[in-house]
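Fold and geometry: a report
One letter stands for each residue in the lines below.
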Amino acid sequence: MSASICQACHVACCANSTPNVVSWGRGGIVAFGTCNSVALYDPQERRVLCLLNGHTGRVNALHWVHNNKQNLECHLVSGGSDNLLIVWEAQDEKFIKLMELKGHTEAVCAVDAIYMDSEILVASSASDSSVKLWLCSDLKEAKCLHSVSFGSGFVMDVSLAVLPGTTVPILACGGDDSQVHLYVVTSEQLQKAMTLKGHEDWVRGVEWVSTRGGLLLASCSQDSLIRVWRLTAKSSTDTLTEDNHTIIRMKEDVFEVNDQGTSSVFSVSLETVLAGHENWVCGVHWQPPVYKDDELQQPARLLSASMDKTMIIWAPEEGSGVWVEQVRVGEVGGNTLGFYGCQMSPDGSMIVAHAFHGALHLWCKDSNKEEWRPGVVISGHFRAVQDLSWDPEGEFILSVGSDQTTRLFTPWKKRDNKQVTWHEISRPQIHGYDMQCLAMVGRFQFVSGADEKVLRVFQAPRNFVENFANITGHLKRKAAGLQWASTPALGLSNKAVFQGDLVPKTTEEEQFNSISDQYQESYFHPLILTEPPPEDHLLQNTLWPEIQKLYGHGFEIFCLASDSTGTVVASACKASKAEHAAVILWSTTTWRQLQMLPYHTLTVTQMAFSPDAQLLLAVSRDRTWSLWRRSQESAGKEKA
């Protein structure tokens, strides 16, 4: 086989809209589900290393199988809407599908896994109201050890750990009954140990962590609270102190475990309740263990993510031991719905959250200032990509998708770094209808069509042209007089914002001289960028103003094309009759109709101009194609 002549230099993608779909490995690789694939992303190199394809449904849950030696992970477990779990294994610097775990009858929504000697113990929950325990051997064989049914309830998250001083695994399940259920694995069966009560709404996330004093379990809920539970082994001296009623102690729940003929007693008590979020807390994550003084130590730091668009790092104070909020990061404004989950880098210097619409939000700790700042991270459409177009000079790409957005991607080279990576630097259009097509009609101008009867024309503002030059290093070009753009609260059109609109009004009378002044529609703030912007800036501060609407079609726009000279645009809409299947030609100088081209009887699905802009080819669902020649008279009228 001959050597490949092409290789992937960028993959634009985002995480699926499920809570447990992102996992950050000890080797620094972030795994996340994107549609039916698993993406392995390197946040240092800012690129997708590879895509793992094996699921036939959406990937809903991921988990790296961590080892206690701080080595790179060799196994990854994924669960999807195809009712499957897949165990992936690293071989020769590539991940291959090791085995499939079949047994669930509905979509898998949460998964966790730990090593038991040379075998992998996997726990999974699904929409079939069951939790299953699997054992994967090194012989590429897997069997379902036990299944627990929760009746009409659902388990939102699962977490596995090993009881201290034993070889007995313990499983925590957070359910929609506002309780955390604890199970121990004895004789390859799940036995109920106890139920932890306290939350007042669905438990969205649970996670164990091993400490010197035992185990800590963090649980988060839709009641906006986080509860930390401590599990410790009981000894004979603990029984004596229990009889001393002069000592104030937290209430403890006790259970007994038999491990290879040895009986052990464990107690679970509430360590603390963390209140700081103002909406559902959807995810919690403990900081991974780090090497300190040649010893692997577990920091007592907990990361939480909420639908209030914030992430918080919690830790106990050194003196009092009281858990307090150390760091809070997040978003302000925009129309996003908050964070679905969170992860922390192996050294604790970076944290990432994924939002309801799939965007990854990365924050990095500045070692000099001890501050957290937004970082550059991958982005992409969260629904199907429908169309794309190159800039005439080949310096950037515009794409539209069913997620109702138009996005602009361009290569970026960081200073003192030879590697070039692609990033989204602008979101020119955020619409209310699913986008279908677009066509570039100049250096910084395009026409887009959506599931509506109107074509919309956009032109790059001066602020974008300046930032584009700063990020890419290309020479600055002359831009139009339009400064910036914003979207009205209840509108679909990007409204131009000029310099005078940003000047604050001084007196109270000037501030409220009209009703509209009392309710400001624009969240826009002008930016000077030297690197790709984070998600909140993309949503609010990188829009392009809409300069024209084109009316003429009777149904939803389906396809667009522009000629090489940028003077003519052809458009077509959905059609079931000949009267609606006509192609319309538009002039880019006056934005008026030049001509209608009636011929086809059903939807024209694609059009293309010839390189010399003299011919137009159209193909239709009526099984015909038509070729149109440009007349000299029309060319003369156009120039005039």
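Below is a short write-up of the structure. Quantities reported herein were computed from a predicted structural model and do not represent experimental measurements.

**Side note on the side chain of His 277**
- Mapped onto the secondary structure, His 277 falls in the loop between β21 (262-275) and β22 (281-286).
- There is a polar contact of 3.3 Å between the side chain of His 277 and the side chain of Asp 308.
- One polar contact links His 277 to Thr 310, side chain to side chain, over a distance of 3.2 Å.
- Apart from the residues lying within four places of it in its own chain, the contact partners of His 277 are Ser 224, Ile 226, Ser 304, Ala 305, Ser 306, Asp 308, Thr 310 and Ile 312.

**Here we look at unusual backbone geometry**
- The phi dihedral of Cys 35 falls on the positive side, at around 55°, and the residue is not glycine.
- Residue placement: Cys 35 occurs in the loop between β2 (30-34) and β3 (37-42).
- Judged by relative accessible area, Cys 35 falls into the exposed class, the value being 52%.
- In this structure, Ser 224 is a non-glycine residue whose phi angle is positive, near 75°.
- The topology assignment puts Ser 224 in the loop between β18 (214-221) and β19 (225-234).
- Overall, Ser 224 belongs to the buried group, its relative accessible area being 16%.

**Brief notes about empty space enclosed by the protein**
- Taken as a whole and assessed by the stated rule, the structure comprises two cavities of 30 Å³ or more.
- Within this model, the second largest cavity holds a volume of roughly 40 Å³.
- Contributing to the lining of the second largest cavity are Trp 24, Val 30, Tyr 41, Pro 43, Val 352, Leu 360, Leu 362 and Val 377.
- In the lining of the second largest cavity, the residues fall into eight nonpolar, no polar and no charged.

**A short note on the packing of aromatic side chains**
- Taken as a whole, this structure holds 15 aromatic pairs when the rule is applied.
- Their ring planes at 70° and their centres at 6.2 Å tell us that Phe 339 and Trp 363 sit as a pair that is edge-to-face. You can see Phe 339 sitting in strand β28 (residues 339-344) and its partner Trp 363 sitting in strand β30 (residues 360-366), a full 24 residues away along the chain. No difference in accessibility class separates Phe 339 from Trp 363, as the two residues are buried.
- On the basis of an interplanar angle of 75° and a centroid distance of 6.0 Å, the ring pair of Phe 444 and Phe 468 is categorised as edge-to-face. With Phe 444 in the loop between β36 (435-442) and β37 (445-450) and Phe 468 in helix α2 (residues 462-472), this residue pair connects regions lying 24 residues apart in the sequence.
- Every member of this aromatic cluster is reached through a ring pair, and the members are Phe 396, Phe 444, Phe 446, Phe 458, Phe 464, Phe 468 and Trp 544.

**Focus on the pairing of strand β46 (residues 604-609)**
- Strand direction decides the pairing type here: β46 and strand β47 (residues 615-620), joined by five bridges, are antiparallel. For Val 604, the partnering residue across the bridge sits in β47 and is Ser 620.
- In this structure, the hairpin formed by β46 and β47 is closed by a connection of five residues, where Ala 613 is found at a positive phi of approximately 65°.

**Things to note about α2**
- The buried count for α2 comes to eight of 11 residues, which makes it a mostly enclosed element.
- Taken residue by residue, α2 has Asn 463, Phe 464, Val 465, Asn 467, Phe 468, Ala 469, Ile 471 and Thr 472 as its buried positions.
- Of the residues flanking the end of α2, it is Gly 473, one or two places downstream, whose phi is positive at about 85°.

Rules used throughout
Residues numbered from 1 in each chain as written. Predicted model: local features only at pLDDT ≥ 70, side-chain atom pairs only at ≥ 80, totals over all residues. Heavy atoms only, no water. Helix = DSSP H or I, 4+ residues; strand = E, 2+ residues; numbered from the N terminus. Polar contact = N/O pair within 3.5 Å; in protein donor to acceptor, adjacent residues only side chain to side chain. Contact = heavy atoms within 4.5 Å. Buried < 20%, exposed > 50% of the residue type's maximum accessible area, 1.4 Å probe, protein only. 1 Å grid on protein atoms, 1.4 Å probe; cavity = no way out; pocket = protein on both sides within 12 Å on 5 of 7 lines; lining within 4 Å. Points joined across faces, edges and corners; volume = space filled by probe spheres on them. Nonpolar A, V, L, I, M, F, W, Y, C, P; charged D, E, K, R; others polar. Phe/Tyr/Trp six-rings, centres within 6.5 Å; stacked < 30°, edge-to-face > 60°. Pairing = 2+ DSSP bridges.

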